[in-house]
Amino acid sequence: MDTVILNKVSLSILGQKYIKGDFMMLRMKKVSLIIAVVLCFALVMTGCGSSTSNTAEKSSVASVSTVATATAATAATAAATAAATAPAEKIKLRFYGKIVEYTSGEAMCKALQDKFKDKYEIEAIQVDWGNLEKVVRTGIASGDPADVYQWWPTQLKKFVDSKMCLDLTPYLDADSGAWKNTFVPSALDSGKYDGKYYGLPEDSNFAIMYANADLFEKAGVAIPSVWTWDEFVLASNAIKEKAGVFPFVVTSDLIAWMPRFGMASASMKAGIKSEDLSTGKVDFTAAYFTDVLKNIKSYNAAGYMYPGKGSITQKRDEAKAAFLQGKVAILAEVSSFAAVIAKDAKFKLTAIPWPSMGNKSNAENGDKSDFDGLFVPANAAHPDASVELLKAFYSPEIMKIHADNGYAPCVQGVEISNPVIKSLVDISGGMSSTTGDPININAKMNDYFSKMLMADLCLANTSEADIMKKIAELAK
Amino acid sequence: MPDLNLKRGISMTKSSLKSKNIHRLILGWIFILPALFFITYASVFPAISNFILSFQKWDGFLDKKWVWFENYIHFFKDGDVLRYLYNSVYLAFLSTIGAVVIGIFLAALVFKIGSKLGTFARLVFFMPGMIPVAINGLLFVFILNPQMGLLNNFLKLIGLGSYSNAWLEDSHTTMNCIVVVNIWMMCGITMVLSYAAIRMLPTSLFESCKIDGGGYVRQLFSIVFPVIKKVIGTAAIYTLAANFKTYGIVQVMTQGGPGDITRTIPINMINTAFNFGEFGYAASMGVVLSLVVVASILITTKLFGGDTYEF
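Parameters at a glance
- Residues numbered from 1 in each chain as written.
- Chains lettered and ligands numbered in written order.
- Predicted model: local features only at pLDDT ≥ 70, side-chain atom pairs only at ≥ 80, totals over all residues.
- Heavy atoms only, no water.
- Pairing = 2+ DSSP bridges.
- Helix = DSSP H or I, 4+ residues; strand = E, 2+ residues; numbered from the N terminus.
- Axes fitted to C-alpha atoms, helices over the stretch in contact; angles between N-to-C directions.
- Contact = heavy atoms within 4.5 Å.
- Parallel < 35°, antiparallel > 145°, perpendicular 65-115°, else oblique.
- Left-handed = near helix turned anticlockwise from the far one by under 90°.
- Nonpolar A, V, L, I, M, F, W, Y, C, P; charged D, E, K, R; others polar.
- Disulfide = S-S within 2.5 Å.
- Buried < 20%, exposed > 50% of the residue type's maximum accessible area, 1.4 Å probe, protein only.
- Salt bridge = Lys/Arg side-chain N within 4 Å of Asp/Glu carboxyl O.

### Let's talk about the sheet that holds strand β9 (residues 328-334) of chain A
Strand-to-strand pairing in sheets goes through backbone hydrogen bonds, with the strands running parallel or antiparallel. Residues and elements named next belong to chain A. A sheet is described by the order of its strands in space; here four strands give the open sequence β8-β9-β7-β10, paired in mixed fashion. Looking along the sheet, the strands with just one partner apiece sit at the ends: β8 (246-249) and β10 (349-352). If you compare each strand with its neighbour and ignore which way they point, the axes differ by 25° on average. As paired strands, β8 and β9 are joined by three bridges and run parallel to one another. Paired with Phe246 across the bridge in β9 is Val328. Most of the contacts of helix α9 (residues 229-243) go to β8, to which it runs at about 125°, and overall it touches β7 (207-212), β8 and β9.

### A word on the packing of helix α12 (residues 265-275) of chain B against helix α13 (residues 279-303) of chain B
Axes are the key here: two packed helices are described by the angle between their axes and the distance separating the axes. Residue and element names in this part refer to chain B. Relative orientation of the contacting elements α12 and α13 amounts to 165°, with a least axis distance of 7 Å. Between α12 and α13, the angle is such that the two are roughly antiparallel. When the axes of α12 and α13 are compared, the crossing they make is left-handed. Touching Ile265, Pro266, Asn268, Met269, Thr272, Ala273 and Phe274 of α12 are Phe279, Tyr281, Ala282, Met285, Gly286 and Leu289, all from α13. Across the contact of α12 with α13, the residue classes break down as ten nonpolar, three polar and no charged.

### Quick notes on the sheet that holds strand β6 (residues 199-204) of chain A
All names here are of chain A. Reading across the sheet, the five strands line up as β2-β1-β3-β11-β6 and stay open at both edges, with mixed pairing between neighbours. Each edge of the sheet is formed by a strand with only one pairing partner; in this case those strands are β2 (120-126) and β6. The mean inter-strand angle of the sheet, taken between neighbouring strand axes irrespective of direction, is 20°. Relative to strand β3 (residues 148-150), strand β1 (residues 91-98) runs parallel, the two being bridged by two bridges. Within β3, the residue paired with Phe95 across the bridge is Val148. Sheet strands in contact with helix α15 (residues 383-393) are β1, β2, β3, β6 and β11 (371-375), and its direction is about 45° off that of β1.

### Considerations on the state of the cysteines
Residue and element names in this part refer to chain B. In the structure shown here, the tally under the stated rule is zero disulfides over all chains. A disulfide-free cysteine, Cys187 has its sulfur positioned 17 Å from the sulfur of Cys177, the nearest such atom. Cys187 sits in the buried class, given a relative accessible area of 7%.

### Description of the pattern of salt bridges
Evaluated as defined, the whole model comprises 21 salt bridges over all chains. A salt bridge links Glu397(A) to Lys115(A), with the shortest nitrogen-to-oxygen separation between them at 3.4 Å. Of this pair, Glu397(A) sits in helix α16 (residues 396-404) while Lys115(A) sits in helix α3 (residues 105-115), and the two are 282 residues apart along the sequence. Connected through salt bridges with shared partners, the residues Lys470(A), Asp80(B), Arg83(B) and Asp260(B) form a single ionic network.

Listed below in structure tokens is the structure:
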């Protein structure tokens with residue numbers, strides 16, 4: 001009987017429980033609403049905070065910039081003070097400049113870490129070339145960038161314009177320019193904007209053609225020291241007909257070199273100033289520009305580019321493999337791969353310059369010397385320590401590792417024993433780092449040249465005139 | 001005396017239930033909070049932040065400026081971006097249709113061939129979905145290579161060399177190649193879900209159809225597919241959402257090229273934000289794509305809606 005009563009009571013309690021449950025639901029709704037409001041408030045605060053932090057970041061940038069642009073003596077004193085009063089606890093520095101593709105990359109970073117093992121904890125980060133711009137931009141925008149970034153000094157303008165780079169001039173000029181004098185002057189100037197140095201060159205790295213000299217000989221073509229586009233086409237025809245191989249291969253990520261160098265050399269012949277081409281102050285609809293595209297289109301249509309169909313989308317490994325297997329006579333690549341390619345080539349390898357669509361002279365054919373390099377972000381946490389890192393990295397001891405691995409350093413006093421590298425240095429000697437380049441006009445132009453132009457020209461069959469109109473639009 | 005006992009009993013039961021409820025509530029929150037925190041931090045906040053950013057102009061470094069609907073107006077006036085949106089929709093729908101149809105038939109085949117061989121077949125068919133996207137992409141880049149690729153060499157071997165092609169360069173085949181790879185990667189999920197649903201069906205259903213003279217194909221179309229329609233719908237929604245977000249496979253296989261033939265909204269968003277420094281415009285693309293995805297999911301849900309069967 002008790003049990004039955006208890007059961008009834010339980011039921012009634014359960015009834016109450018349900019009522020309570022509803023009450024709990026209401027409370028839950030209230031709690032949820034409060035949480036939602038708090039979350040939204042936090043979000044709004046985050047938004048406001050970001051603007052504040054931006055302002056703070058800007059002021060930090062400004063203050064760093066101010067410090068950096070102070071007199072040479074002040075900077076030198078600051079550097080000396082920083083060195084003298086090194087903190088007991090090791091500062092953590094991030095060096096975004098480990099190039100694993102270069103055989104010297106690991107060893108140079110190891111040497112840098114060893115040199116500062118008692119002072120700094122250096123994290124050497126591998127350079128992600130494919131996403132480099134994203135990495136640099138997001139790193140700086142986050143307010144917590146790496147202390148040193150890899151970037152080509154000749155292409156630093158967009159970061160300089162956005163005040164993202166630390167002015168290195170005071171550091172270079174300190175002690176009567178002691179550090180500045182260690183660099184090859186023409187190379188150092190590649191990172192100079194409005195009279196100030198923002199990027200430092202690491203090694204000469206420029207566009208080059210690697211030629212299979214055996215195939216050239218088989219085709220009866222002399223190895224050129226300089227050549228025009230017409231001579232290049234004639235040589236290609238002879239190689240195809242007599243040696244029975246494809247004359248030329250260029251990978252999809254480098255294929256923009258064809259129109260870029262073509263336009264540079266054609267504009268030089270037309271008497272256009274380099275800076276005008278680089279800033280877009282030229283008439284892109286002029287005939288000498290459309291002729292560049294016509295040349296390239298007809299060259300590809302003639303089947304000179306490996307592997308015929310698919311010549312616009314070649315991957316780097318595929319192109320290199322085809323060249324090393326003797327299926328192609330000329331490979332377009334960067335000069336810094338000379339040692340690696342020479343090691344794998346089972347034939348006589350030689351380096352030749354790009355053909356000119358303008359004058360037949362190394363200095364005037366639009367060949368552009370370029371450099372790998374480093375810069376310090378304007379909002380780096382420890383600018384003096386970053387500069388100290390750079391000084392050590394550009395020391396002859398560490399640059400010797402680079403040279404011994406087959407790369408041409410831009411620092412004086414480093415002995416170069418490799419003859420291939422010496423020949424590249426000779427070629428680069430005739431080039432200019434200030435050659436005009438339309439990709440410097442803006443990021444969209446760079447994107448169009450790098451990814452779209454050749455596809456528009458050779459795959460979509462867009463007319464040369466329409467492409468140049470589009471380029472002119474982008475230049476605005 | 002009995003009344004006192006009853007009151008005590010009621011009071012004890014009330015307090016015990018109350019404490020149990022509180023205990024359960026606390027325990028529930030303890031379990032939910034970590035996930036809630038991470039999901040809020042990693043998904044909800046960025047989504048809301050992205051929405052706000054879509055009304056602003058920001059280069060990723062300097063101050064943000066409110067431009068309200070300017071980014072959206074730019075989006076709908078930009079013919080290239082609309083083409084990228086079309087590419088995203090084309091890739092998502094074609095990949096989903098292919099993956100779901102093939103997945104269902106694979107499930108039906110696996111179910112038919114029995115448990116032992118079926119287990120092995122299930123593993124094989126599901127494996128592409130387990131392999132990282134980058135590896136799948138590279139695998140097909142090699143297969144589709146115009147010179148050294150398996151496909152062209154196979155065509156040459158069987159005397160169809162004239163059909164060999166630069167598959168990832170030809171504007172007519174590039175996007176479809178990516179669709180095929182997407183189908184290959186995604187059909188395993190539909191297969192596993194559909195197979196599990198078919199296994200749940202009572203054998204009496206198959207037997208009764210068999211008695212009426214229906215073969216396996218008839219059983220599939222008349223019984224199995226209508227009954228597991230909701231499961232197929234779930235697989236389709238999952239596959240569709242995943243395909244809309246596709247970034248990796250396009251990036252690995254073509255980087256959106258050649259030119260911008262295979263460029264999709266996610267690829268273009270990254271480009272616009274990080275290469276052009278137009279974060280606000282990129283955010284507006286994300287918002288529009290999200291709306292398209294939501295609309296597509298609603299349509300798919302409607303298509304696969306219907307009766308729920310109980311056995």
